[in-house]
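# What the coordinates show
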Amino acid sequence: MRDILAPESARWRRFTQVFADVVEGAGYRQIISPIMEDLGVFTRIGEATDVVTKEMYDFVDKGGRHVALRPELTASVCRAFVEHRPVTPWKAWYSGSQFRYEKPQRGRYRQFDQVGIEALGADDPYLDVEVIALGWEFYRRLGLQQVRLLVNSLGEPDDRARYVEALRAHFAAAGDQLSEQSRVTLTKNPLRVLDSKRREDTTFVASAPTIDEFWSDAAAAHFEAVRDGLVALDIPFTVELKLVRGLDYYRHTTFEFQGLTLDSAQNALGGGGRYDGLVESLGGPPTAGIGFALGLDRTLLACDDEGTFPAPGATVDAFVVDTTGGREALVITAELRAAGLSADRAYEQRSMKAQMKAADRSDAALSIIVGTDELAAGTVTVRPMRGGEQSAVARADMVTTIQHLLSIHQNTEA
Ligand code: HAM
């Protein structure tokens, strides 16, 4: 697990802010879910998924409850829906850390962050399109261009069940030629075998039946409307009939955003789909649902690769240099901060030279200098750090003068 220091931490915050702007503009409102829940909430993700069987941080707490750190948020949001019964359609967004016991590597961590949305209570295929389009728009706002959208439909539960049986038969016929790993996967979750990148499996994966042969008329019509909506919004996509997602609750539409600059094992920037049975499995009424989660860590790696969405620079409006002992710096920084300006200072009565160096490092627009002369005269020296004349300013006029200089400074920068 990692520490995120400045300026990367500021980039994380801005990432979430940009996401919030995009989805709040579409009527999604924030939900803050607990980080830890009853294990039973998460087992609904799918008893045959790695996320549940191998990767969960679960333990028995001091009260004897079996709990887990959340590996994702869709199950928690559905649990909250069952508990609070909000008016539908209920549109929620979230951000935060998830936990999965995976093998850490670039783009794959045990604690990682996601932003996401969930829309509950509407079975409209154009809602699927809205959801996908919001993910697409978010990448656009970040400036990412090397993103590919893959879409698929897993059909209705019966379609999917028949497809799974067909896959089971197909891969079972391969017998020992299938990799050992995939033979194990086959006994638990035949769909996941489609995800195998092992050399021994490639021909069998390529010749496997595809889900479209199993779609009911209703499922085919839903997916057709989704594709039509994406075309209407000019969002480029590829239909990938063997797209499998790591979680088991999906039916109908599923999709994934892939980052083309990333290694194929970690190139899923985000993904989601419909999960119309999940609320019911958590004790609620039959309720349609669709959403996605986007991985923050991987998306920022993709931003680095494309040279977009850099960490914001850290700067302050003013840096106070006080050679009279530090008390003036204490009072002046407090006065500036109270007026809504950002201000920093040096400590431990350093020399003038050392304090000016610190002022440079802070990237402040102005330095405010107080020596014994200024203190006696009731003034400060205001020195622009990026060119311009310094001037003596009466203490009483300090804040307004600084505000004025900063506004000129901002206008010339803009
Ligand atoms: P997921 O595909 O498991 O879906 O995760 C979504 C994204 O989280 C991935 O595409 C990836 O970017 C990121 N991610 C997953 N695991 C890791 C990891 N170990 N390290 C770094 N990033 C990771 C879900 O979580 C579903 N809840 C999405 C959803 C919402 N479906 C419907 N609604």
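### Quick look at the overall build of the chain
The number of helices and strands found in the chain is 16 helices and 16 strands. In terms of overall size, the chain is more extended than a compact globule, its C-alpha atoms giving a radius of gyration of 28 Å where 414 residues would be expected to give roughly 22 Å. Viewed in the frame of its principal axes, the chain has a C-alpha envelope of about 90 × 50 × 45 Å. Burial status across the chain gives 51% buried among its 414 residues. Contacts spanning at least 24 positions in sequence make up 71% of the contacts within the chain whose residues lie at least 6 apart. Counting every atom, the chain has about 20,000 Å² of accessible surface; 49% of that belongs to carbon and sulfur. When the 46 basic and 59 acidic side-chain charges of the chain are each reduced to a single mean position, those positions are 5 Å apart.

### Let's talk about the sheet that holds strand E1 (residues 29–30)
Backbone hydrogen bonds are what pair the strands of a sheet, in a parallel or an antiparallel way. Pairing is mixed in the open sheet, where eight strands are placed in the order E1-E5-E6-E11-E10-E9-E7-E8. In this open sheet, the two strands that pair with only one neighbour each are E1 and strand E8 (238–239). With six bridges connecting them, strand E9 (residues 251–259) and strand E10 (residues 268–274) associate as antiparallel partners. Of the residues in E10, the one forming a bridge with Phe257 is Gly270.

### Things to note about the domain arrangement of the chain
What the domain assignment reports for the chain is domain 1 (8–154 + 234–306), domain 2 (156–214) and domain 3 (318–413). If you average the C-alpha positions of domain 1 and of domain 2, the two centres end up 25 Å apart. The interface of domain 1 with domain 2 comprises 13 residues on the first partner and 19 residues on the second. Together, the buried faces of domain 1 and domain 2 total about 1,400 Å²; carbon and sulfur atoms form 56% of this surface. Its largest share of buried area at the contact with domain 2, domain 1 owes to Leu154, Lys242 and Val244, together 46% of the area lost on that side. Linking domain 1 with domain 2 are five residue pairs in polar contact (both at pLDDT 80 or more).

### Here's the deal with the packing of aromatic side chains
The description of an aromatic ring pair uses the distance of the two centres, along with the angle that the planes make with each other. All told, the structure shown has 16 aromatic pairs when counted by the stated rule. Centre to centre, the rings of Phe19 and Phe138 are 5.2 Å apart; their planes meet at 85 degrees, and the pair counts as edge-to-face. Of this pair, Phe19 sits in helix H1 (residues 8–24) while Phe138 sits in helix H5 (residues 125–142); the two residues are 119 residues apart in sequence, bridging distant segments of the chain. Classification of Phe19 as buried rests on a relative accessible area of 0%. An angle of 40 degrees between the planes, with centres 6.0 Å apart, marks the rings of Phe81 and Trp90 as tilted. As far as the burial class goes, Phe81 and Trp90 line up, both buried. The residue whose ring lies beneath Arg2 is Tyr109, and the NZ or CZ to ring-centre distance is 3.6 Å. When the ring centre of Tyr101 is taken as reference, the NZ or CZ atom of Arg110 above it lies at 3.9 Å.

### Points about the site of the ligand
Glu72, Thr74, Glu102, Arg245 and Tyr250 are the nearest of the 27 residues found near the ligand. Within the backbone of Tyr109, a nitrogen or oxygen atom sits 2.9 Å from a nitrogen atom of the ligand. When the ligand is considered free in solution it has 650 Å² of accessible area, and contact with the protein chains removes 96% of it. Those elements that provide at least two residues to the shell around the ligand are strand E6 (111–120), E10 and strand E11 (289–295). For the shell around the ligand, the element with the most residues is E10, which contributes six residues.

### Digging into the sheet that holds strand E3 (residues 58–60)
The strand order across the open sheet formed by three strands is E2-E4-E3, and the pairing between neighbours is antiparallel. Here the strands that pair on one side only, and so sit at the sheet edges, are strand E2 (36–38) and E3. Strand after strand, the sheet turns through a mean of 35 degrees between neighbouring axes, direction not considered. Two strands pair when backbone bridges link them, and E2 and strand E4 (residues 66–69) are joined in this way by three bridges, in the antiparallel orientation. For Glu37, the partnering residue across the bridge sits in E4 and is Ala68.

### Quick notes on unusual backbone geometry
At the junction of Ala6 and Pro7, the peptide bond is cis and its omega measures out at 5 degrees in the coordinates. Locating Pro7 in the fold gives a position in the segment before H1. For Arg85, which is not glycine, the phi dihedral falls at a positive 45 degrees. If you trace the backbone, Arg85 turns up in the loop between helix H4 (74–84) and strand E5 (90–99). The phi dihedral of Gln349 is positive, around 50 degrees, even though this residue is not glycine. If you trace the backbone, Gln349 turns up in the loop between strand E13 (343–345) and helix H14 (352–361). The class of Gln349 is exposed, set by a relative accessible area of 64%.

Thresholds, definitions, all that
- Residues numbered from 1 in each chain as written.
- Predicted model: local features only at pLDDT ≥ 70, side-chain atom pairs only at ≥ 80, totals over all residues.
- Heavy atoms only, no water.
- Helix = DSSP H or I, 4+ residues; strand = E, 2+ residues; numbered from the N terminus.
- Rg over C-alpha atoms; globule rule 2.2 N^0.38 Å.
- Buried < 20%, exposed > 50% of the residue type's maximum accessible area, 1.4 Å probe, protein only.
- Contact = heavy atoms within 4.5 Å.
- Areas by Shrake-Rupley, 256 points an atom, 1.4 Å probe, with all protein chains shown as cover.
- Lys, Arg positive; Asp, Glu negative; His and termini not counted.
- Charge placed at Lys NZ, Arg CZ, Asp CG, Glu CD.
- Pairing = 2+ DSSP bridges.
- Domains from an automatic or database assignment.
- Buried area = accessible area lost by both parts, 1.4 Å probe.
- Polar contact = N/O pair within 3.5 Å; in protein donor to acceptor, adjacent residues only side chain to side chain.
- Phe/Tyr/Trp six-rings, centres within 6.5 Å; stacked < 30°, edge-to-face > 60°.
- Lys NZ or Arg CZ within 6 Å of the ring centre and 35° of its normal.
- Near = heavy atom within 4 Å.
- Axes fitted to C-alpha atoms, helices over the stretch in contact; angles between N-to-C directions.

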